[in-house]
Amino acid sequence: MSLNKRTAKYKIEVNMKRVVVTGLGAVTPVGNTVKEFWDNIVAGKSGAAKITKFDTSKFKTNFAAEVKNFDAEAYIDKKEIKKYDLYTQFAIAASDQAIKDSGLDFTTMPEIERYEVGVIWGSGNGGIGTFEEQLKEYHLGDGTPRFSPYFIPKMIVDIAAGVISIRNKLHGPNYATVSACASSNTAIISAFDSIRLGKANIMVAGGSEAGITESSVGGFNSAHALSKRNDDPETASRPFDVDRDGFVIGEGAGALILEELEHAQKRGAHIYAEIVGGGMAADAYHLTGTPPDGLGASLGISKALADAGITPDKIDYINAHATSTGLGDAGELNGIKKIFGDLPVKISATKSMTGHLLGGAGAIESIISILAIRDGIIPGTINTRNLDPAIPEGLNIVLGKSIHQPVNYVLNNTFGFGGHTATSVFKKYEA
């Protein structure tokens with residue numbers, strides 16, 4: 001029995017509502033608005049450069065994909081900024097953009113309607129920068145515990161979801177998802193489920209990460225996960241390449257406004273795309289590694305397709321998780337090969353440009369997936385020069401420049417330490 005048939009039984013057989021995307025927001029290493037972000041992705045621009053946040057002279061890796069020229073005061077009152085870790089500041093900025101883009105005005109929405117508007121936000125590390133900063137101050141002092149009263153609420157992973165709801169007075173489902181690098185895709189799938197099962201009308205969903213810190217870079221270095229191509233940061237992220245040597249850590253946020261179709265239609269909302277499926281699984285293999293045969297990837301993909309009620313031949317484009325790590329890239333492509341065989345689906349790895357936003361990756365890659373549908377553009381994979389011979393043959397990987405072709409269905413893969421897998425499916429909206 002095929003994997004697709006075995007997982008089809010998990011499809012929820014209820015009268016589910018249709019869910020569409022009506023707003024987008026982004027803060028990324030290649031742009032702090034959706035337009036700037038997308039333009040640079042299509043152009044193949046790398047966001048990697050030397051780290052400016054701390055002295056890297058004693059670190060094995062001295063570069064990352066930092067967010068540039070971020071102005072928190074454009075979104076947050078100057079007196080309030082100190083209350084929020086950078087990961088929450090990114091979340092506020094991206095969600096504010098998405099809400100504005102959607103045309104929603106929660107300040108004029110009756111309170112009873114805001115009971116049906118929720119927030120699900122993903123992050124792998126939450127306020128790791130705040131945690132690091134506060135412990136440094138404690139250990140450099142005389143041992144007296146002089147911690148900031150904002151320490152705990154700045155650090156905890158759920159606080160970005162809470163802050164978004166507080167700022168907008170949203171009373172619907174509200175929580176955080178933590179599944180490492182699958183966190184924000186998990187958030188989007190969970191928000192999708194909330195709406196289609198009738199638990200909300202509108203959801204703010206996405207994720208953010210601000211993990212370019214000494215402890216994070218040092219920890220990933222010790223795990224041999226980061227690229228050490230210090231002499232050429234812009235080409236360091238090279239997914240599928242035989243010479244790849246690790247991922248490039250990034251930071252930022254992506255936000256989507258998901259909305260029940262009839263609710264969006266009644267208010268005349270602009271609809272970017274429809275979300276039609278989500279699949280989550282575990283590879284149950286290793287703390288940080290992925291199985292070479294791609295079991296977790298194939299399970300998540302198969303469940304997402306079954307949930308969407310489509311066969312693999314419907315998918316036009318796969319935004320691969322593809323972080324530029326040895327086992328990870330090959331394992332994912334083996335999983336894709338299991339499901340898609342020799343079908344001509346296009347595959348690309350946009351982390352070659354953005355670096356890896358960890359818990360925020362799935363959200364910005366969902367935005368890429370949606371805009372690929374809107375514009376009929378599949379971004380290329382930059383920096384990849386020599387495909388790893390371990391990669392299965394017959395896969396249609398888009399290398400170099402972006403290509404133009406009609407895109408009706410996109411599949412977005414994300415995987416996280418601990419074996420978490422999350423795959424979402426977006427579709428061109430049809431009334």
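For the structure, see preceding data.
For clarity, every value in this text was computed on a predicted model and none was experimentally measured.

## What to know about the overall build of the protein
- Counting secondary structure elements, the protein contains 14 helices and 15 strands.
- Taking 22 Å as the expected radius of gyration for a compact globule of 431 residues, we find that the protein reaches 20 Å, a close match to that expectation.
- C-alpha atoms of the protein, sized along the principal axes, occupy 65 × 55 × 40 Å.
- The buried share of the protein, taken over its 431 residues, is 59%.
- Long-range contacts, defined as pairs at least 24 residues apart, comprise 80% of the intrachain contacts of the protein with a sequence gap of at least 6.
- When the accessible area of the protein is evaluated, it comes to approximately 17100 Å², of which 53% is carbon and sulfur surface.
- Distance between charge centroids for the protein: 1 Å, based on 43 positive and 48 negative side chains.

## Details of the sheet that holds strand 8 (residues 273-282)
- Spatially, 5-4-6-7-1-8-15-14-9-10-12 is the arrangement adopted by the 11 strands of the open sheet, whose pairing is mixed. Because the sheet does not close on itself, it has two edges, and the strands there are strand 5 (174-177) and strand 12 (396-397).
- Bridge count for strand 14 (residues 409-416) against strand 15 (residues 420-427) is eight bridges, and the pairing is antiparallel. Along strand 15, the bridge assignment pairs N412 with S424.
- In this fold helix 11 (residues 295-308) packs onto strand 8, strand 14 and strand 15, with an angle of close to 140 degrees to the strand it touches most, strand 8.

## Side note on the side chain of E259
- Relative to the elements of secondary structure, E259 occurs in strand 7 (residues 252-260).
- From its side chain, E259 meets the backbone nitrogen of A264 in a polar contact 3.4 Å long.
- Side chain to side chain, E259 and R267 meet in a polar contact 2.7 Å long.
- Look past the residues within four positions of E259 in its chain and what remains in contact with it is R18, V19, V20, T22, I195, N201, I202, A264 and R267.

## Brief notes about helix 9 (residues 214-222)
- All of the buried residues along helix 9 are S216, V217, F220 and N221. All buried residues of helix 9 project into a common sector of 130 degrees when viewed along the axis, lining one side.
- If you follow the buried residues of helix 9, they end up packed against helix 5 (128-140).

## Structural notes on unusual backbone geometry
- Non-glycine residue F240 carries a positive phi angle of around 70 degrees.
- Along the polypeptide, F240 turns up in the loop between helix 9 and strand 7.

## Some thoughts on the packing of helix 11 against helix 12 (residues 326-340)
- At their nearest, the axes of helix 11 and helix 12 sit 7 Å apart, and the two run at 40 degrees to each other. What the angle tells us is that helix 11 and helix 12 run oblique. Where helix 11 crosses over helix 12, the two elements pack in a sense that is right-handed. Two secondary-structure elements touch here, helix 11 through L295, A297, S298, I301, S302 and L305 and helix 12 through E332, G335, I336, K338, I339 and F340.
- Taken together, the residues of the contact of helix 11 with helix 12 break down into seven nonpolar, three polar and two charged.

## Some details on the environment of F147
- For F147, the location among the structural elements is in the loop between helix 5 and helix 6 (151-155).
- A sequence separation of 10 residues divides F147 from E137, and the C-alpha atoms of the two residues are 8.3 Å apart.
- The residues touching F147, leaving out its near neighbours within four places in the chain, are Q134, L135 and Y138.

## Focus: the packing of aromatic side chains
- Counted according to the given criterion, the structure contains eight aromatic pairs.
- On the numbers, 6.5 Å between centres and 10 degrees between planes, the contact of F70 with Y75 is stacked.
- Residue classification places Y75 among the partly exposed positions, given a relative accessible area of 25%.
- Look at F70 and F90: their rings are 5.0 Å apart centre to centre, the planes differ by 75 degrees, and that puts the pair in the edge-to-face class.

Thresholds, definitions, all that
- Residues numbered from 1 in each chain as written.
- Predicted model: local features only at pLDDT ≥ 70, side-chain atom pairs only at ≥ 80, totals over all residues.
- Heavy atoms only, no water.
- Helix = DSSP H or I, 4+ residues; strand = E, 2+ residues; numbered from the N terminus.
- Rg over C-alpha atoms; globule rule 2.2 N^0.38 Å.
- Buried < 20%, exposed > 50% of the residue type's maximum accessible area, 1.4 Å probe, protein only.
- Contact = heavy atoms within 4.5 Å.
- Areas by Shrake-Rupley, 256 points an atom, 1.4 Å probe, with all protein chains shown as cover.
- Lys, Arg positive; Asp, Glu negative; His and termini not counted.
- Charge placed at Lys NZ, Arg CZ, Asp CG, Glu CD.
- Pairing = 2+ DSSP bridges.
- Axes fitted to C-alpha atoms, helices over the stretch in contact; angles between N-to-C directions.
- Polar contact = N/O pair within 3.5 Å; in protein donor to acceptor, adjacent residues only side chain to side chain.
- Arc of directions from axis to C-beta.
- Parallel < 35°, antiparallel > 145°, perpendicular 65-115°, else oblique.
- Left-handed = near helix turned anticlockwise from the far one by under 90°.
- Nonpolar A, V, L, I, M, F, W, Y, C, P; charged D, E, K, R; others polar.
- Phe/Tyr/Trp six-rings, centres within 6.5 Å; stacked < 30°, edge-to-face > 60°.

Any functional reading would require information beyond the geometric quantities listed.
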